[in-house]
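Now for the letters of each chain:
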Amino acid sequence: MAAPHKPRAPRRRPSRRKRQATQEVVDETIALFRWLSWVSEQLYGDDARGAARRWVLRRLAREGPQTVPQLARTRRMQRQSMQPIVDALVADGLVRWRDNPAHARSRLGAITSGGERLVDRLDDIDARVLRAVGRDIPEADLACTAQTLRALREAFELEPRWRRVLVTGD
């Protein structure tokens, strides 16, 4: 019997072309996202498999019970895509359904004590790994990077700013 497939660490080839600064930031952000995705699957184990599962658990732990449509809107995805994620968490005993006083048909997903313990374990792993990885990076550099990424994200959130380029070609 063949050994199970282990995902490889992401690789990136250096660009041969000169890139504008914004493109360089976007490229590095994408590369970092891929590394974070790969590393997280190495860290958390099977009970926390999948970024969407971890996101739902953390959201419910930090913000309280929510409906599937609320979770889907926040993540900018279709309700039909979010439903199986929450259903699997319910089946695993990490989330439970509660009646929703505001809506007869749309129940609230609430984290269970087992889900809370899992989120606490994930947060502990994150804190230790981030401390180890960030040890040699000056705090001021990290703050500047966070500020730059926040400004770039907020600029993309202004949809007319980038949507206009598709029409005008500017």
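Above: the structure in question.
In short, a report on the structure. None of these values were measured; they are calculated from a predicted model.

About the criteria used
Residues numbered from 1 in each chain as written. Predicted model: local features only at pLDDT ≥ 70, side-chain atom pairs only at ≥ 80, totals over all residues. Heavy atoms only, no water. Core = buried A, V, L, I, M, F, W, Y, C linked by side-chain atoms within 4.5 Å. Buried < 20%, exposed > 50% of the residue type's maximum accessible area, 1.4 Å probe, protein only. Contact = heavy atoms within 4.5 Å. Phe/Tyr/Trp six-rings, centres within 6.5 Å; stacked < 30°, edge-to-face > 60°. Helix = DSSP H or I, 4+ residues; strand = E, 2+ residues; numbered from the N terminus. Axes fitted to C-alpha atoms, helices over the stretch in contact; angles between N-to-C directions. Parallel < 35°, antiparallel > 145°, perpendicular 65-115°, else oblique. Nonpolar A, V, L, I, M, F, W, Y, C, P; charged D, E, K, R; others polar. Salt bridge = Lys/Arg side-chain N within 4 Å of Asp/Glu carboxyl O.

### Description of the nonpolar core
Right, on to step 1. Residues Val56, Leu57, Met82, Val86 and Leu89 are the most contacted members of the largest nonpolar core, which totals 20 residues.
Right, on to step 2. Residues contacting Leu89, with those up to four places away along its chain left out, are Arg53, Val56, Leu57, Leu94 and Val95.

### With respect to the packing of aromatic side chains
Pairs of aromatic rings are described using the distance from one ring centre to the other and the angle between the two planes.
Right, on to step 1. Under the defined criterion, the tally for this structure stands at one aromatic pair.
Right, on to step 2. Summarising the aromatic geometry, the rings of Trp35 and Trp38 are spaced 5.6 Å apart at their centres and angled 85° between planes, so their arrangement reads as edge-to-face. Taken together, the residues Trp35 and Trp38, both in helix H1 (residues 21-44) and three residues apart, mark about one turn of the helix.
Right, on to step 3. Exposure remark for Trp35: the relative accessible area of 39% places this residue in the partly exposed category.

### A closer look at the packing of H1 against helix H2 (residues 51-63)
Right, on to step 1. At a closest axis distance of 11 Å, the pairing of H1 and H2 adopts a crossing angle of 75°. On the basis of their axis angle, the class for H1 and H2 is roughly perpendicular. Only Ala51, Arg54 and Arg58 of H2 make contact with H1, whose side of the interface consists of Ser40, Glu41 and Tyr44.
Right, on to step 2. Here the residues of the contact of H1 with H2 sort into two nonpolar, one polar and three charged.

### Structural notes on the packing of helix H6 (residues 139-157) against helix H7 (residues 159-168)
Right, on to step 1. Remark: H6 packs on H7, axes separated minimally by 5 Å, with the N-to-C direction vectors making an angle of 65°. Seen from H6, the contacting residues are Ala155, Phe156 and Glu157; seen from H7, they are Glu159, Arg161 and Trp162.
Right, on to step 2. Residues of the contact of H6 with H7, tallied by class, amount to three nonpolar, no polar and three charged.

### Section: the pattern of salt bridges
Should the charged atoms of two oppositely charged side chains come close, the side chains can pair.
Right, on to step 1. What the rule picks out here adds up to ten salt bridges.
Right, on to step 2. Among the ionic pairs, Arg58 bridges to Asp126, the shortest N-O distance being 2.6 Å. A residue pair is termed long-range when its members are at least 10 positions apart, and Arg58 in helix H2 and Asp126 in helix H5 (residues 113-133) qualify at 68 residues.
Right, on to step 3. Between Glu159 and Arg163 there is a salt bridge whose closest N-O contact spans 2.7 Å. Placement of the pair is Glu159 and Arg163 together in helix H7, with a separation of four residues, close to one helical turn.
Right, on to step 4. Through salt bridges with shared partners, a single network forms among Arg58, Arg62, Asp123 and Asp126.

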